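Here is how the chains run, residue by residue.
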Amino acid sequence: MGLFKIEINISENLFENEENKEIIYYSRNGKDFTDNISFNMNKIIITGTRSKQIKIDNLLESVNSTYYYNIIKALLYTYFEKDKFQVESIKIYIDKVEQKGYKKTEIIQEFNYERLININSEKLFRDKKTSDTAMNALMNLTLSFSKKDLQFDFSWKCFNTLIREVFEESNDFEMLKKLRLDLEENYIDYPNISSFIPNMDAPYMSACRLIAMICNNFPKGNIKKQNKLEEFFKEFTDYRVAEVLKEKMKCKTKDLNTIGKYTDVESFYSQHIAQKTENEIDIIRLVILKYAYYLRCKYFHGEKIPSTFLLVNHNQKELNRISIPVRILCKDLIENKLYEIAPVIMTRAIF
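Residues numbered from 1 in each chain as written. Predicted model: local features only at pLDDT ≥ 70, side-chain atom pairs only at ≥ 80, totals over all residues. Heavy atoms only, no water.

What follows is about the state of the cysteines. Where two cysteines share a covalent bond between their sulfur atoms, that bond is called a disulfide. Counted by the stated rule, this structure contains 0 disulfides. Left unpaired, Cys215 is separated from the closest cysteine sulfur, that of Cys251, by 4.1 Å. By relative accessible area, which is 32% here, Cys215 ends up partly exposed. Left without a disulfide partner, Cys330 is nearest to the cysteine sulfur of Cys158, which lies 3.6 Å away. (Disulfide = S-S within 2.5 Å. Buried < 20%, exposed > 50% of the residue type's maximum accessible area, 1.4 Å probe, protein only.)

This is the structure in structure tokens:
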């Protein structure tokens, strides 16, 4: 049997009172195997045993290293529960003998940037699957803080990690459909994005490049897509969304007239604007499930040129702007949905 200790020194005294956590590093046949983490002042110490002799070679660098996972989870907890810091050193002891060390200059410093959002990180100490998902999501979120030009990329990766695991789907379209259904049926579980709704008012939505999205999703001359236009526009009843789409729909005047639906859709929006119909989920759907997803596909698939090549352009500013509600929705997913709900049974075909 091998005994190990990992000692991490950070730049700030963030723990006035000692904290101790138990972390599951492996689960098999319903049995959990745990290590211990203590947090005290500016020191984090991880201890545990292994049934086999511990080999020091590539101990932290190997694929799926449980020691590396423990370190990352401990540092993420420190960062999200306390404050920013730098990692000064990491020392590894096997059977009480120091075997390897990492100096400050050898460590990529990701935790010395201001958090752009606060997240309760207790899920890092739940069951192995929940813990690993929370780790993956929070790593990407942390990178969205430190890589300023890649805020949207890493915010979306965090979001994608969460909806994949929460809704148990591997296909983006299916994940988003289940998220929409859960928003409709369990909106109380999304208090943070709900609180952000006043910030996503008509001017905010109008600033989105919705015409480009609509023209992309419903290309000119595509008869099959053309027949879905009325369905798309009439999915939204919230008066704020209606105000925006009533103006943006003009980009599809010819197609809507071709199918004899322009006046019908325009009247539909006018009615909901006059009635001040409110449906907050429509705003979330338009901004995140539709528009942010459109941006994600365009940039991730290389259909748009990079947004930060030589100069920061308006595309980058737009990506950063849309990153904010995506991160807020991630907060709701981590804190309120991560393995707290049963798999959602689909009753709708669209998001």
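Across the 9 residues of strand S1 (residues 2–10), 7 count as buried, placing the element largely inside the fold. Two strands pair when backbone bridges link them, and S1 and strand S4 (residues 43–50) are joined in this way by 8 bridges, in the antiparallel orientation. When the sheet's bridge partners are listed, Leu3 is paired in S4 with Thr49. (Helix = DSSP H or I, 4+ residues; strand = E, 2+ residues; numbered from the N terminus. Pairing = 2+ DSSP bridges.)

Side chains Ile44, Ile46, Gly48 and Arg50 of S4 all project onto a buried face; the interleaved residues Lys43, Ile45, Thr47 and Thr49 project onto a face where none is buried. Two strands pair when backbone bridges link them, and strand S3 (residues 31–41) and S4 are joined in this way by 5 bridges, in the antiparallel orientation. Within S4, the position partnered with Ser38 by the bridge is Ile45. What sits between the antiparallel neighbours S3 and S4 is a turn of 1 residue.

Among the structural elements, Gln109 can be located in the loop between strand S6 (97–103) and helix H2 (128–146). There is a polar contact of 2.9 Å between the side chain of Gln109 and the backbone nitrogen of Val87. For Gln109, the contacting residues outside a window of four places in its chain are Gln86, Val87 and Lys104. (Polar contact = N/O pair within 3.5 Å; in protein donor to acceptor, adjacent residues only side chain to side chain. Contact = heavy atoms within 4.5 Å.)

A few words now on the environment of Met41. Note that Met41 resides in strand S3. Of the residues examined, Met41 reaches a relative accessible area of 37% and is grouped as partly exposed. If sequence neighbours within four positions are ignored, Met41 has contacts with Glu12, Asn13, Leu14, Phe15 and Glu16.

Here we come to a nonpolar patch on the surface. A cluster of nonpolar side chains, contributed by Phe309, Leu310 and Leu311, occupies part of the molecular surface with about 450 Å² of accessible area. Taking relative accessible area as the criterion, Leu310 reaches 83% and is therefore assigned exposed. (Patch = residues over 30% accessible without salt bridge, like charges linked within 9 Å, V, L, I, M, F, W, Y side chains within 5 Å. Areas by Shrake-Rupley, 256 points an atom, 1.4 Å probe, with all protein chains shown as cover. Salt bridge = Lys/Arg side-chain N within 4 Å of Asp/Glu carboxyl O.)

Glancing now at the side chain of Lys128. For Lys128, the location among the structural elements is in helix H2. Side-chain polar atoms of Lys128 contact the side chain of Asp132, separated by 2.5 Å. In this structure, Lys128 is in contact with Ile24, Tyr25, Tyr26, Ser27 and Tyr69, ignoring residues within four places of it in sequence.

At their nearest, the axes of helix H7 (residues 210–217) and helix H10 (residues 239–248) sit 10 Å apart, and the two run at 65° to each other. When the axis of H7 is compared with that of H10, the two are roughly perpendicular. In terms of crossing hand, the pair formed by H7 and H10 is right-handed. Of H10, the residues touching H7 (which contributes Leu210, Ile211 and Ile214) are Val244, Leu245 and Lys248. A class-by-class count of the residues in the contact of H7 with H10 yields 5 nonpolar, no polar and 1 charged. (Axes fitted to C-alpha atoms, helices over the stretch in contact; angles between N-to-C directions. Parallel < 35°, antiparallel > 145°, perpendicular 65-115°, else oblique. Left-handed = near helix turned anticlockwise from the far one by under 90°. Nonpolar A, V, L, I, M, F, W, Y, C, P; charged D, E, K, R; others polar.)

Attention now goes to the environment of Gly302. With respect to the secondary-structure elements, Gly302 resides in the loop between helix H13 (280–300) and strand S7 (308–309). Residue Gly302 is classed as exposed on the basis of its relative accessible area of 55%. Sequence separation of Gly302 and Val97 is 205 residues, and the distance between their C-alpha atoms is 50 Å.

Inspection of the entire model under this criterion finds 31 salt bridges. Between Glu231 and Lys228 there is a salt bridge whose closest N-O contact spans 3.7 Å. For Glu247, the salt bridge is made with Lys250, and the minimal N-O distance between the two is 3.1 Å. Residue class for Glu247 comes out partly exposed when judged on its relative accessible area of 46%. Within this structure, Glu230, Lys234, Lys261 and Asp264 form a network of salt bridges that share partners.

With the rule as written, the count across this model stands at 20 aromatic pairs. On the numbers, 6.4 Å between centres and 50° between planes, the contact of Tyr25 with Phe33 is tilted. Since its relative accessible area comes to 21%, Phe33 is described here as partly exposed. An angle of 65° between the planes, with centres 5.4 Å apart, marks the rings of Tyr79 and Phe111 as edge-to-face. With Tyr79 in helix H1 (residues 66–81) and Phe111 in the loop between S6 and H2, the pair connects residues that are 32 residues apart, well separated along the chain. Taken individually, Tyr79 and Phe111 each receive the classification buried, so the pair is uniform in this respect. Site record: aromatic cluster; members linked through ring pairs are Phe218, Phe232, Phe233, Phe236, Phe268 and Tyr269. A cation sits over an aromatic face here: Arg115 above Tyr79, 6.0 Å from the ring centre. (Phe/Tyr/Trp six-rings, centres within 6.5 Å; stacked < 30°, edge-to-face > 60°. Lys NZ or Arg CZ within 6 Å of the ring centre and 35° of its normal.)

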